[in-house]
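Here is what each chain is made of, one letter per residue.
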Amino acid sequence: MIAHVVNVLDIKPRHHKSHLHIAQPVTLDSMRRAKIDGEVELFSVKHRDDNVPTPEGFNATEDLREVSRHGMPHIGDIIKRLYDASDADIFIYTNVDIAVRPDFYAEVISLSSKHDGFLINRRDVPKSINGVTLDLTTYPLMFSERGKRHIGIDCCVFRRDFVPHMELGYVTIGFAPIGAVLGYQIYKQSKHFKWFKDMHTNYHIGNDSFRDGRKPSEGQKQNHAMAEFLYDHDAVWNRGLE
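Engineer: Just to check I follow, could you spell out unusual backbone geometry for this structure?
Structural biologist: It is generally the case that most residues other than glycine have a negative phi and that most peptide bonds are trans. At the junction of Ala176 and Pro177, the peptide bond is cis and its omega measures out at 5° in the coordinates. Within the secondary structure layout, Pro177 lies in the loop between strand 11 (155-159) and helix 4 (178-189). In this model, Asn130 sits at a positive phi of 50°, which is unusual for a non-glycine residue. Checked against the element boundaries, Asn130 lands in the loop between strand 8 (128-129) and strand 9 (132-133).

Structure follows, in structure tokens:
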């Protein structure tokens, strides 16, 4: 059994800048469409102060109780909520703006027979294709696009029994180097690890890369400080966890 968790948000006008008012509904719908009954469980987690209902077709974990001073939940708390809610053998964590192809879970099942932990890089696609803006009704158009490979880590697959041994500290989602920390912790626990950097199974609408030359935000600075001893920067970015 596979259990896939996403952190759902109470979408507010401030989220429009990051396109989450479009991306979150698209992600949730794509997960429902891809779900394989009897083999995949979908879970949502939210902060207790967020007024957001459990998405249709999803199971709710216990609410999150703590956030950073920048309002972001800790990845360790999210993974622990899934651990407490599901006995599935395989866990998936993705950001809530990552849509999946209809064959995503079938691919994960196949890869899980060979690898006990792996990462899948997303593909970035434009916000409109051939003049059609991607939204909840039109997003399947992006699955026919090649898109651009994104270097960041935002789709992580790992065995449930890794969780008690993962050191995630107080690193939060939403800011680098969250992906590197979670990816490195999976790598440390895995006996048959793989980082898939050029697949076409998960997609992101637009490109909001944190490596676009902007100065690091305060949230990013805080996350880097929290992550300092939780991952090996050279192993992740220079050696690709090989």
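Once the structure has been displayed, the description carries forward.
Engineer: I'm lost on the environment of Ile109 in this one. Help?
Structural biologist: As for its placement among the helices and strands, Ile109 is situated in helix 3 (residues 104-112). Judged by its relative accessible area of 30%, Ile109 falls in the partly exposed class. Separated by 133 residues in sequence, Ile109 and Glu242 place their C-alpha atoms 22 Å apart. Residue contacts for Ile109: discarding those within four places in its chain leaves Ile2, Ile36 and Glu39.

Engineer: I tried to follow the pattern of salt bridges on my own but got confused; where do I start?
Structural biologist: Within the structure shown, the criterion is met by 16 salt bridges. Of the charged contacts, one joins Lys80 and Asp84 as a salt bridge, the two residues approaching to 2.8 Å between their closest N and O atoms. A residue pair is termed a helical-turn pair when its members lie 3 or 4 positions apart in one helix, as Lys80 and Asp84 do in helix 2 (residues 75-85) at four residues. Overall, the relative accessible area of 38% leaves Lys80 in the partly exposed class.

Engineer: Teacher, can you tell me more about the sheet that holds strand 7 (residues 123-125) here?
Structural biologist: The strands making up a sheet associate through hydrogen bonds between their backbones, and the pairing can be parallel or antiparallel. If you trace the four strands from one edge of the open sheet to the other, you get 5-13-7-10, paired in mixed fashion. Looking at the sheet topology across the chains shown, the edges are occupied by strand 5 (99-100) and strand 10 (148-149). As paired strands, strand 5 and strand 13 (residues 202-205) are joined by two bridges and run antiparallel to one another. If you follow Ala99 over to strand 13, its bridge partner there is Tyr203.

Engineer: Is there a simple way to explain the environment of Asp154 in this structure?
Structural biologist: Positionally, Asp154 belongs in the loop between strand 10 and strand 11. Classification of Asp154 by relative accessible area gives buried; the value is 4%. For the pair Asp154 and Tyr93, spaced 61 residues apart in sequence, the C-alpha separation works out to 7.7 Å. Leaving out residues up to four positions away in the same chain, Asp154 has contacts with Tyr93, Thr94, Asn95, Ile98 and Arg122. Polar contacts involving the side chain of Asp154 include one to the side chain of Arg122, which spans 2.7 Å.

Engineer: Looking at this structure, I do not really get the state of the cysteines. What am I missing?
Structural biologist: When the sulfur atoms of two cysteines share a covalent bond, that bond is a disulfide. Scanning all chains against the criterion turns up zero disulfides. No disulfide involves Cys155; its sulfur sits 6.7 Å from that of Cys156, the nearest cysteine. Under the relative-accessibility criterion, Cys156 is labelled buried at 2%.

Engineer: What is the right way to read the pairing of strand 2 (residues 40-45) from this model?
Structural biologist: Every regular strand shows the same layout, with side chains that alternate between the two sheet faces. Most of strand 2 sits inside the fold, with five of its six residues counted as buried. Looking at chain direction, strand 1 (residues 2-7) and strand 2 are connected through six bridges and run parallel. Bridge pairing links Ile2 to Val40 in strand 2. A crossover links strand 1 with its parallel partner strand 2, the connecting element being helix 1 (residues 20-34), and its sense is right-handed. Where strand 2 meets strand 3 (residues 59-60), two bridges bridge the pair, whose relative direction is parallel. Bridge assignment links Ser44 to a residue of strand 3, and that residue is Ala60.

Cut-offs used in this document
- Residues numbered from 1 in each chain as written.
- Predicted model: local features only at pLDDT ≥ 70, side-chain atom pairs only at ≥ 80, totals over all residues.
- Heavy atoms only, no water.
- Helix = DSSP H or I, 4+ residues; strand = E, 2+ residues; numbered from the N terminus.
- Buried < 20%, exposed > 50% of the residue type's maximum accessible area, 1.4 Å probe, protein only.
- Contact = heavy atoms within 4.5 Å.
- Salt bridge = Lys/Arg side-chain N within 4 Å of Asp/Glu carboxyl O.
- Pairing = 2+ DSSP bridges.
- Polar contact = N/O pair within 3.5 Å; in protein donor to acceptor, adjacent residues only side chain to side chain.
- Disulfide = S-S within 2.5 Å.
- Right-handed = clockwise from strand over helix to strand, strands pointing away.

Nothing here speaks to function; it is geometry throughout.
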